[in-house]
Amino acid sequence: MNIILLGPPGAGKGTQARHLVETRNMVQLSTGDMLREAKDSGTEMGMMVADVMARGDLVTDEIVIGLIREKLEDKSEHGGFIFDGFPRTLAQATALGELLEATGQKLDHVIELRVNDDALVKRISGRSTCGQCGEVYHDVTKPHPEDGKCVKCGASDFKRRADDNEESLRNRLMEYYKKTSPLLGYYYALGMLKRVDGLADMKVVQASIAAILDN
Ligand code: AMP
């Protein structure tokens, strides 16, 4: 089963994707993670996109479609792909449809995580993650444990994203409304769109997504 998690930055796509990886052996394809990896390892493409990402602009369709194309060639046994942060434009959405068709696969659900913008700004400013396992923390709602060790894996290197600041977040939100939100109409018209309250308790969101996948 292949699904898209759609929603603005901070809606909880990454957190929900990680849960699906753990519980259903699905493969998370986060173009944001792939681009950060390219940037951290200093590849030519990574250097090219670093400034664009720091500003919160979108990198070109060509680059992200190329990244996804490579991953779809992975034929190992798994429970399906979770597209997280991709597609973000109509051109990416049509390219994904074509790539899936060309590789004999299909899209099963597009799940929108609905949230309000005030909540996003609060969630994202203050966000950090464990550098080892990706567990998400928040300065106010879920601070780092007093012993400085991740509750999940015990590591003690926490990371903050360079683009998790208010200015860049406002730009990421603008990009979302201008370029990504039209995808909601696109997938609704294709009969694939399902909606989930992204502000509900994390376990409730997990259960709502599970109900969609098991239906
Ligand atoms: P994310 O981790 O999904 O929030 O992505 C972080 C940043 O990577 C975004 O603000 C964009 O600059 C870039 N990015 C990630 N995915 C895409 C995409 N599908 N299309 C264009 N830019 C992307």
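Residues numbered from 1 in each chain as written. Predicted model: local features only at pLDDT ≥ 70, side-chain atom pairs only at ≥ 80, totals over all residues. Heavy atoms only, no water.

Q: Please explain the overall build of the chain as it appears in this structure.
A: Helix and strand content of the chain: nine helices and eight strands. Compactness check: the chain gives a C-alpha radius of gyration of 17 Å against a globular reference of 17 Å for 215 residues, within 12% of the reference. Over its C-alpha atoms, taken along the principal directions, the chain stretches across nearly 50 × 40 × 35 Å. In the chain, buried positions account for 44% of the 215 residues. Taking the contacts inside the chain whose residues are at least 6 apart along the sequence as the reference set, 70% of them involve residues at least 24 apart. With an accessible surface of roughly 11300 Å², the chain has 51% of that area assigned to carbon and sulfur atoms. Treating the 28 positive side-chain charges of the chain as one cloud and the 33 negative ones as another, the clouds have centres 3 Å apart. (Helix = DSSP H or I, 4+ residues; strand = E, 2+ residues; numbered from the N terminus. Rg over C-alpha atoms; globule rule 2.2 N^0.38 Å. Buried < 20%, exposed > 50% of the residue type's maximum accessible area, 1.4 Å probe, protein only. Contact = heavy atoms within 4.5 Å. Areas by Shrake-Rupley, 256 points an atom, 1.4 Å probe, with all protein chains shown as cover. Lys, Arg positive; Asp, Glu negative; His and termini not counted. Charge placed at Lys NZ, Arg CZ, Asp CG, Glu CD.)

Q: I tried to follow the sheet that holds strand β6 (residues 136-138) on my own but got confused; where do I start?
A: Hydrogen bonds between backbone groups are what pair the strands of a sheet, and the pairing can be parallel or antiparallel. Taken in spatial order, the three strands of this open sheet run β6-β5-β7, and their pairing is antiparallel. Strand pairing shows two members of the sheet lacking a second neighbour, β6 and β7 (158-159), which therefore form its edges. Alignment of strand β5 (residues 127-130) against β6, held across three bridges, turns out to be antiparallel. In the sheet register, S128 faces β6, and the bridge partner there is Y137. (Pairing = 2+ DSSP bridges.)

Q: Explain the sheet that holds strand β4 (residues 109-114) to me, please; I cannot follow it from the model alone.
A: Strand order in this open sheet of five strands is β2-β3-β1-β4-β8, and the pairing throughout is parallel. Two strands bound the open sheet, and with one partner strand each, they are β2 (27-30) and β8 (193-197). Neighbour-to-neighbour, the strand axes of the sheet open up by a mean angle of 25°, direction not taken into account. Two elements, β2 and strand β3 (residues 81-84), share four bridges in a ladder whose sense is parallel. (Axes fitted to C-alpha atoms, helices over the stretch in contact; angles between N-to-C directions.)

Everything listed here is a matter of geometry and, on its own, says nothing about what the molecule does.
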